[in-house]
Structures are given as structure tokens and as C-alpha cells.
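Tertiary structure, described
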Amino acid sequence: MLATPLIMTIVILPLLLLLLRKFNGFYYRSIMTVVSLTIMATYGMIAALIFPVFGYTQYINFTVARGHYYITKFFCGIKVVPEGLEHLEEKSPVIFVCNHQSSMDIMLFGAFYPKNTSIVAKKEIKYYPFLGWYMRLSNAIFLDRKNRENAIKEARKASEDIRRKGVNVWVFPEGTRGHESEVTLLPFKKGPFYMAVQANVPIVPVVIANYSHLYNAKEKRFLSGVVRAKILPPISTDGIKQESADIEKLATECRRQMLEVLKEITPSETMKKKQ
């Protein structure tokens, strides 16, 4: 009795996906992105339990990110071309700061996500099925944006872990998704920069080009294509004081560099549409 629904699912689901791919690429690619993320998050939960036993903790997030990128690349035709990969080899630990446009960023940075790197995310994500479960098991850093005191405590604890464990941290300094309709960056939160100064580690800026010409959820657009990304040289935090003015200056300079590169690597046709 159970075999009949299973056979129907095996037959009907691929046919449905083929129809969606032919007649509505947005929904097909969106579904495949979610399927890929669910598969890799499930794998990540297993990896988070097994890898530490054999001393391979640094490969948990790395393999999840890479797997999600390659699966989505295969089904959706999105390819990332990164530049400045040599800056990923900066001696650990470092804090990677990356611009944030949409949920697609999780897949895109998987093309070059470095080993031994934890990710900072909003507290709400820890309650998401699969993704949240995996991130909790992989010791992601969750910040409570609604409670400044808790966020400061978590950031201070994270800086201590960075020094003690020698792990890198990946963070979105805008704090939320930016504007798809504009080639710009939201103001940077100071938390990641306090974290870097407290831990006395370099900041490595990462910029993903505006890809709204390929993906835009509001306009139901999801096309195949190429997205450029660029890893910038590290910014030293040596000698920077843990004072608001110094932190503000550090964040402003980092944002300036990233915005300049964002405009440089975003396709010219996209830049013209946004003007």
C-alpha cells in the first residue's frame, strides 16, 4: 500500500519540476534552492555530530557551503566568479564582513567560503527547521538585535572564542538584507568591528556584486547567469581603541572600500537601470 504513493511521488515530482523549469523558471529555481539548502542543512547536522570526533570540525561549515553552492549551481545555472582568493589565505583568525542582498547570498558565498569559519546570524534563525538546527549544532553565533545588552554580551563572548579557538567569523555588517533596487550598502552596524578590535584580528571585506538582474523575489525573476565577487585585502585593527569614535571610523572606512568595489564589479547594465 505504501509503495503506490511513493512511486507516484517519484514519478510526479520530477515531471512537476520539469514543467516548472520550462514554464516558470522563478518557481522552479526557488524550489531547487530550498531543496538544496534542506539537503545540506540535514547533512550539516550529521557532520556537526561526527566531524568533531575525528578532528575535522573546521570542515563542517565549509562542506555545507560548498555543497549548497554546487547543487544550486547545477539546477539553477548560477555561477560565481570570485577575485582576490589569496586574501582568504590570511592567517587565522580573521573576521570576514560581507554585503547582504537576499537569501541567495548563502548559496553565492558558498563558492569560496573558507574553512574553519563560523557565521554570525540573527537569533531568530536558530528556530528555523533544518537550517536553524544545523547552525545551532555547528556553533554559529546568534545575536539578539532587539536586545542591545544581549547582543553586546554575545559579541564579547564571540571575540573571546575567536582568540581562544582560533576560528574565523563571517558576518553581514549591514545587519539585514540591503536594497535590491539600489547598488548601495546600508549603514554598517558597529558590532562586528567591536568584535574585531576586542579580538585584535584583521577584517577581510567581501563584496558580492548586485545580482538583481538575475534574482529579484518581488519581481519573480530568477535567471541563470554569472555573479562576480571580490575579496579585498585585510584591514588591520592593530592600535585601534575600543572607543566609539575609533570604531565608527573603522566601520566607515570598511564600508567605503566595499561600496567602491560593489559599484566596480556590478554589471554596467544593472548600474544603468539603478541610476
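As annotated in an unreviewed UniProt entry, the protein chain carries the name 1-acyl-sn-glycerol-3-phosphate acyltransferase and comes from Rhizopus azygosporus. Annotation of the protein chain in UniProt includes, under Catalytic activity (unreviewed entry), the sentence "a 1-acyl-sn-glycero-3-phosphate + an acyl-CoA = a 1,2-diacyl-sn-glycero-3-phosphate + CoA". What the UniProt record of the protein chain gives under Sequence similarities (unreviewed entry) is the line "Belongs to the 1-acyl-sn-glycerol-3-phosphate acyltransferase family."

Structural notes on the overall build of the protein chain
A tally of regular secondary structure across the protein chain gives nine helices and nine strands. Sequence separation of at least 24 residues holds for 75% of the intrachain contacts in the protein chain that already meet a minimum separation of 6. Split by element, the accessible area of the protein chain, about 14700 Å² in all, is 60% carbon and sulfur.

Details of the side chain of Asn216
By secondary structure assignment, the location of Asn216 is in strand S7 (residues 215-216). Within polar-contact distance, the side chain of Asn216 engages the backbone nitrogen of Glu219 at 3.0 Å.

Let's talk about helix H3 (residues 60-76)
With 17 residues, H3 ought to run about 24 Å at 1.5 Å a step, and its terminal C-alpha atoms sit 24 Å apart, in line with that. Restricting attention to buried positions, one finds in H3 the residues Ile60, Asn61, Phe62, Val64, Ala65, Gly67, His68, Tyr69, Thr72 and Cys76. Close packing links the buried residues of H3 with helix H2 (25-50), strand S1 (78-83), helix H4 (105-108), strand S3 (117-122), helix H5 (131-137) and strand S8 (221-222).

Overview of the pattern of salt bridges
Counted according to the given criterion, the structure contains six salt bridges. The partner of Glu83 in a salt bridge is Arg228, with the nearest N and O atoms 2.5 Å apart. Taken together, the residues Glu83 in strand S1 and Arg228 in strand S9 (residues 225-231) connect sequence positions 145 residues apart. Overall, the relative accessible area of 25% leaves Glu83 in the partly exposed class. For Arg256, the salt bridge goes to Glu253, with nearest N and O atoms at 2.8 Å.

Quick notes on the UniProt feature "transmembrane region" (unreviewed entry) in the protein chain
UniProt annotation of "transmembrane region" (unreviewed entry) refers to residues 6-24 and 31-54 when read in the numbering used here. End-to-end, the C-alpha atoms of residues 31-54 are 34 Å apart, and along that stretch the chain is 83% helix and 0% strand.

Examining the packing of H2 against H3
Two elements in contact, H2 and H3, have axes separated by 9 Å at closest approach and are oriented at 155°. Regarding the angle of H2 to H3, the classification is roughly antiparallel. Taken as a pair, H2 and H3 cross one another with a handedness that is right-handed. Of the residues in H3, those touching H2 at Tyr28, Arg29, Met32, Thr33, Ser36, Leu37, Met40, Tyr43, Gly44, Ala47 and Ala48 are Ile60, Thr63, Val64, Gly67, His68, Ile71, Thr72, Phe75 and Cys76. By residue class, the composition of the contact of H2 with H3 is 12 nonpolar, seven polar and one charged.

A few points about unusual backbone geometry
Here Asn116, not a glycine, exhibits a phi torsion of approximately 55°, which is positive. With respect to the helices and strands, Asn116 occurs in the loop between H4 and S3. The phi dihedral of Asn200 falls on the positive side, at around 55°, and the residue is not glycine. By secondary structure assignment, the location of Asn200 is in the loop between helix H7 (191-199) and strand S6 (203-208). Look at Asn200 and you get partly exposed, because its relative accessible area is 47%.

Reading guide: rules and limits
Residues numbered from 1 in each chain as written. Predicted model: local features only at pLDDT ≥ 70, side-chain atom pairs only at ≥ 80, totals over all residues. Heavy atoms only, no water. UniProt positions renumbered as here; feature names shortened; annotations may be inferred. Helix = DSSP H or I, 4+ residues; strand = E, 2+ residues; numbered from the N terminus. Contact = heavy atoms within 4.5 Å. Areas by Shrake-Rupley, 256 points an atom, 1.4 Å probe, with all protein chains shown as cover. Polar contact = N/O pair within 3.5 Å; in protein donor to acceptor, adjacent residues only side chain to side chain. Expected span 1.5 Å × (residues − 1). Buried < 20%, exposed > 50% of the residue type's maximum accessible area, 1.4 Å probe, protein only. Salt bridge = Lys/Arg side-chain N within 4 Å of Asp/Glu carboxyl O. Axes fitted to C-alpha atoms, helices over the stretch in contact; angles between N-to-C directions. Parallel < 35°, antiparallel > 145°, perpendicular 65-115°, else oblique. Left-handed = near helix turned anticlockwise from the far one by under 90°. Nonpolar A, V, L, I, M, F, W, Y, C, P; charged D, E, K, R; others polar.

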